Structure formats: C-alpha cells, structure tokens
Amino acid sequence: MDSFTYKQHFSKNFTLAYPVMLSQLGHIMVSVFDSLMVGQAGTLPLAGASLGNSIFTLAMVFGLGVSYSITPLIAAADGRRNHTRISLLLLNGLVSNVLLGVVLFLMGYLLSPYITLLGQPQQVVALAIPYINILFLSMVPLMVFQAFRQFAEGLSLTKQAMWISIVANSLNIILNYILIFGKLGFEPMGLVGAGWATLISRVVMAMMMAGYVLRAKRFEVFHHFLRLRHLSFLHMYRIFRLGLPISVQMICEMGAFSFSAVMIGWLGAKELAAHQIAINVAAVTYMMASGIAAAATIRVGNQKGLGNFRAMRMAGISNLVMGALFMIGSGLLIMLGNRIIPMLYIDDPEVIRIASSLLVIAALFQISDGVQVVGLGALRGIEDVKVPGLISLLAYWGIGLPIGYFLCFKAGFGVDGIWTGLLAGLTVAALLLTLRFRALSSHLLHSKNM
C-alpha cells in the first residue's frame, strides 16, 4: 500500500465514494422533493417546510452523528480482521441507534409546540408543527437504516445503501404526488402529506437495509453474536463516546444554518421560502460531498487499523482534493442556474428574486463546504472528533452567525447578509480542519518512523 500513487488513491476513493454520494443524495432528495412539490401549493407551505426542516435537521444530524461512529470503528476492526469485534459493533450499534431514535422522536414531539416561541409568522408555524411531528417519528426507521448502513460502509460495501436509497426516494416522490395533491382517492393533505410520504419511505428503506445485512451470506460470519445476551455497555459507550462529539460538531454546523432560518423568518415568509430553495440546493451538493467524506473515513480508518500511516495520509489528502474539485464544478453549475432553479420551486416573482441572489452566495461557498466536510470525514477516520467540534463551534457560532446577524440587521444587507456570514464560517472551518488533518497525520507518520 505504501507504493500506491495519488492516482491509485483517487481511483479507490471514487469507487467507495460514488455509491455513498448517491445514497446521501437520496437522503437529501427527500427534502428537496418535499419542497419542490409543496412549493406548488404556495409560499406559506414552502415557508412551513423551511421552518420544519430547519428544526428537524438538528435532531437528524444528532442521530446521524452518533451512527457515523460505527463506520471508523468497524473499518479499523476490519483492517485487523477482527470478526468478533465487528459482530459486537453491529449488535450494539443497532441497539444504540434504535434507542436514540426513540428518544429523539419523543423529545421532538413533546417540544414541537414551543416553535411558537421562535417569533415566526403564525400561519407558517401552524403548518410546520404537524409536519415536523411526523418527521420526528421518521427518526426511528432512519436510525435503523443508519445502523445497518454504517456497518456495511465500515466493511467498504457502499453500493447496496445507494440502491436502497434510490428505491426509497422514488417511492417518496410517488407518495408526495398522491398525498400532497390528493390523488387516487386521497384527500389533498398539503405539507402534512409530504411528512407522511417521508415516514413511509424511511420505513421501507430501513426494512430493505436490515433485510440485506441480516440475510446476505457474506455477513453470516458476523451473525453469531446477534443475541441480546451479547449487548455490551462497553461497546455502546465507545460508540457514543466517539459519536457524541461528531453529533456536537454537526449540530454546531447545522444548528448555525437552522438558526439562520429562524433569523430569516424574522424578515418574513417570502425570505424564508427563498431560503428554503437556496438551502435545498446547497444541501444537495453538501450531501454528495459528504459521500467523499465517508470514503475518507473508511479509507483513513482502514489504513490506520493496518498501521500504514503513509497510505492513511495520502488517502485523506486525495479525498480533500476530490472534494474541492467536485464542489468547484457544483459551484459553477449553481452560478449558471441561479435564476432558473428557483422557478422549479415556486412562481412568486419576489421569492424567485431573493432565492437567485442567495444561490450566488451558495455557489461561492461550495469549495469551503466541500473541503470542511471531507476534512471532518478524514479526521473521523483517525478517531479525532473533539477538536473538530470546537473548530465548528468557533467557525459557525463565533464567526459565521455574528457576521451574518450584523450584516443583515445592522448593515442593512438583509437575507444576503446572513448567507455571507455562513460563507465566512464555512471558510474558516475548511481551513482549520485541513490544517488539523495535515498536522495529525504528519505526527502519526513521523512517530512511526522514529
């Protein structure tokens, strides 16, 4: 592996990354199609989707962050060919995810009435609360899916989750059409229909992923310890110990975007609807870049398990370069389509004008967004999660949000000012996370050679 060139690393990275990119795309396209189809019902339902998704995203990324810890642990165990440890991680990762999914649902359901305290337009809140309650219920099947998915990805098997996500997303589109607009004898349900479509598609997704892992012959060697008597608080503790800082980091980042939506809601429903369009587009490219980040976690974690720190460093750097190149292309496409894309969502001229302006800023922060998420993935591969969380806290809450608030409400730039603050936060995070990976990987490499 030491003899691998960067070209060979790029090839291996791509083989792992593209199925995860498509799988991640399936996750976010649920929200995208919800917004596309709800937008046809008007500005208020689209604003409700924006508010609901902004709040739900906090719970979702917390759950995803914990589940992400399963992948580097399994990748390292796979590097050592420790099948017993992999089997125990599967069992305890699944139970941990299910318990966390139930807790997040209950917390979200009980706290959703307090959305009224966020100072949002009353009509928007009335639409958002029933929608978000259904989304919180979908956390349970989503966490089941994540447990089996992260297990498979830890073993470098990424294509199956991709196909399952494509099937589930296709189902979500069909159900959206039926339930939102009232087809095949159903009453039109509007935004709530989008919520039920999301829940049903995630249940199907969880069942398919569980069926694959539990029935495929290639995983039979890992089924021996799938008994409740093998539950281990030690294993669950390690999953949470590694996963909680990942969740905190993700909440620092996504929480900044969610709080940005709250601030934009203070400006009005049209600004909030425009924000939903722009954040939808930015989330698509972000989630695809997170596929490259997943490849970085798998390859860096695997090489760390093998003790091959030179290949580990090269794998991380090559993924960072891939992330930057992919997001440059994404930024160019967003810039070219900034006036056309909003028209796909809504026909309100004022919302389209605001969203077009926001998409220009979204195009500019593509590189920073891609580099920071891949940097996080590479650092997870070496189980470095606490300092990245502090970096995210500084970048988004110490720099991005204060700049955005000042530019919006004090300097008079409006919603563009908030998005400029997000651009600043992402840029700081990308720079610091890249430097962090280079420093740690260099230290591991030099320590081995001493």
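Residues numbered from 1 in each chain as written. Predicted model: local features only at pLDDT ≥ 70, side-chain atom pairs only at ≥ 80, totals over all residues. Heavy atoms only, no water.

(A) Broad picture of the overall build of the protein. Summing up its helical and strand segments, the protein has 16 helices and zero strands in all. For 450 residues, the compact-globule estimate of 2.2 N^0.38 gives 22 Å, and the C-alpha radius of gyration of the protein, at 21 Å, lies within 12% of that figure. Projecting the C-alpha coordinates of the protein onto the three principal axes gives extents of approximately 60 × 50 × 35 Å. Taken over 450 residues, the protein has a buried fraction of 62%. In the protein, 85% of the contacts between residues at least 6 apart in sequence involve partners at least 24 apart. Accessible surface, the protein as shown: approximately 17600 Å² in total, 70% of it carbon and sulfur. The averaged location of the 15 negative side-chain charges in the protein is 14 Å from the averaged location of its 29 positive side-chain charges. (Helix = DSSP H or I, 4+ residues; strand = E, 2+ residues; numbered from the N terminus. Rg over C-alpha atoms; globule rule 2.2 N^0.38 Å. Buried < 20%, exposed > 50% of the residue type's maximum accessible area, 1.4 Å probe, protein only. Contact = heavy atoms within 4.5 Å. Areas by Shrake-Rupley, 256 points an atom, 1.4 Å probe, with all protein chains shown as cover. Lys, Arg positive; Asp, Glu negative; His and termini not counted. Charge placed at Lys NZ, Arg CZ, Asp CG, Glu CD.)

(B) Representation of helix H3 (residues 70-79) in the model. Judged by how many residues are buried, H3 sits mostly within the fold: ten of ten residues are covered. Ile70, Thr71, Pro72, Leu73, Ile74, Ala75, Ala76, Ala77, Asp78 and Gly79 are the residues of H3 that are buried. Where the residues of H3 are buried, they touch helix H2 (43-68), helix H4 (83-111), helix H6 (139-154), helix H9 (233-267), helix H10 (269-306) and helix H14 (366-381). Phi turns positive one or two residues past the end of H3, at Arg81, with a value near 55°.

(C) Up close: the environment of Ala126. Position of Ala126 relative to the elements: it lies in helix H5 (residues 122-137). A relative accessible area of 53% places Ala126 in the exposed class. Taking C-alpha positions, Ala126 is 35 Å from Arg149, a pair spaced 23 residues apart along the chain.

(D) Expanded view of the packing of aromatic side chains. All told, the structure shown has eleven aromatic pairs when counted by the stated rule. For the ring pair Phe365 and Trp419, a centre distance of 5.8 Å and an interplane angle of 15° mean the geometry is stacked. With Phe365 in the loop between helix H13 (349-364) and H14 and Trp419 in helix H16 (residues 415-449), this pair connects stretches of sequence that are 54 residues apart. Comparing Phe365 with Trp419 shows no difference in burial state: the two are buried. Among the aromatic residues, those joined into a ring-pair cluster are Phe259, Trp266, Trp397, Tyr405 and Phe409. (Phe/Tyr/Trp six-rings, centres within 6.5 Å; stacked < 30°, edge-to-face > 60°.)

(E) Fine view of the environment of Leu199. Here Leu199 shows up in helix H8 (residues 191-215). Looking at Leu199, the relative accessible area reads 9%, which means it is buried. Filtering out sequence-adjacent residues up to four positions away, Leu199 remains in contact with Ile134, Leu137, Ser138 and Pro141.

(F) Layout of the nonpolar core. With 142 residues, the main nonpolar core has Phe151, Met209, Phe219, Phe365 and Trp419 as its most contacted residues. Considering every element that reaches this core, the biggest residue donor is H10, with 20 residues. Those residues in contact with Phe219 that sit more than four places away from it in its chain are Phe151, Leu155, Leu157, Tyr212 and Val213. (Core = buried A, V, L, I, M, F, W, Y, C linked by side-chain atoms within 4.5 Å.)

(G) Broad picture of the environment of Arg299. Mapped onto the elements, Arg299 comes out in helix H10. Residue class for Arg299 comes out buried when judged on its relative accessible area of 5%. For the pair formed by Arg299 and Ala315, sequence separation is 16 residues and the distance between their alpha carbons is 6.4 Å.

(H) Expanded view of the pattern of salt bridges. Tallied over the entire structure, the rule returns six salt bridges. Linking Asp348 and Lys270 is a salt bridge whose minimum nitrogen-to-oxygen distance equals 2.5 Å. One end of the pair, Asp348, is in the loop between helix H12 (341-345) and H13; the other, Lys270, is in helix H10, and 78 residues separate them in sequence. Since its relative accessible area comes to 13%, Asp348 is described here as buried. Residue Arg353 is joined to Glu350 by a salt bridge in which the shortest nitrogen-to-oxygen separation is 2.7 Å. Placement of the pair is Arg353 and Glu350 together in helix H13, with a separation of three residues, close to one helical turn. (Salt bridge = Lys/Arg side-chain N within 4 Å of Asp/Glu carboxyl O.)

(I) Region of the structure containing the side chain of Asp369. Its place among the elements puts Asp369 in helix H14. Buried and unpaired, Asp369 has no salt bridge, with Arg380 as the nearest side chain of opposite charge at 11 Å. In this structure, Asp369 is in contact with Glu253, Tyr286, Met327 and Leu426, ignoring residues within four places of it in sequence.

(J) Inspection of the packing of H3 against H10 at higher detail. Running from N to C, H3 and H10 point in directions that differ by 40°, and their axes come no closer than 7 Å. Comparing the axis directions of H3 and H10 gives the class oblique. Of the two elements, H3 crosses H10, and the hand of that crossing is right-handed. Along its contact with H3, which presents Thr71, Pro72, Ala75, Ala76, Asp78 and Gly79, the element H10 presents Thr297, Ile298, Gly301, Asn302, Gly305 and Leu306. (Axes fitted to C-alpha atoms, helices over the stretch in contact; angles between N-to-C directions. Parallel < 35°, antiparallel > 145°, perpendicular 65-115°, else oblique. Left-handed = near helix turned anticlockwise from the far one by under 90°.)

(K) Layout of unusual backbone geometry. Positive phi, close to 70°, is recorded for Ser156, a residue that is not glycine. On the accessibility criterion, Ser156 (33% relative accessible area) is partly exposed. Residue Glu383 is not a glycine yet carries a positive backbone phi of 60°. Relative to the helices and strands, Glu383 resides in the loop between H14 and helix H15 (386-410). Relative accessible area serves as the criterion here: at 28%, Glu383 is assigned to the partly exposed category.

(L) Quick peek at the packing of H2 against H6. Between H2 and H6, the least distance of the axes is 9 Å, while the angle of their chain directions is 25°. Relative to H6, the element H2 is oriented roughly parallel. You can see that H2 and H6 cross each other, and the crossing is right-handed. Of the residues in H6, those touching H2 at Phe56, Ala59, Met60, Gly63, Leu64, Ser67 and Tyr68 are Met139, Leu142, Met143, Gln146 and Gln150. Classifying every residue of the contact of H2 with H6 gives eight nonpolar, four polar and no charged. (Nonpolar A, V, L, I, M, F, W, Y, C, P; charged D, E, K, R; others polar.)

(M) Fine view of a nonpolar patch on the surface. Judged by side-chain polarity, Val102, Val103, Leu106, Met107, Tyr109, Leu110, Leu111, Tyr114 and Leu117 come together as a nonpolar surface patch covering roughly 940 Å² of accessible area. Among the structural elements, Tyr109 can be located in helix H4. (Patch = residues over 30% accessible without salt bridge, like charges linked within 9 Å, V, L, I, M, F, W, Y side chains within 5 Å.)

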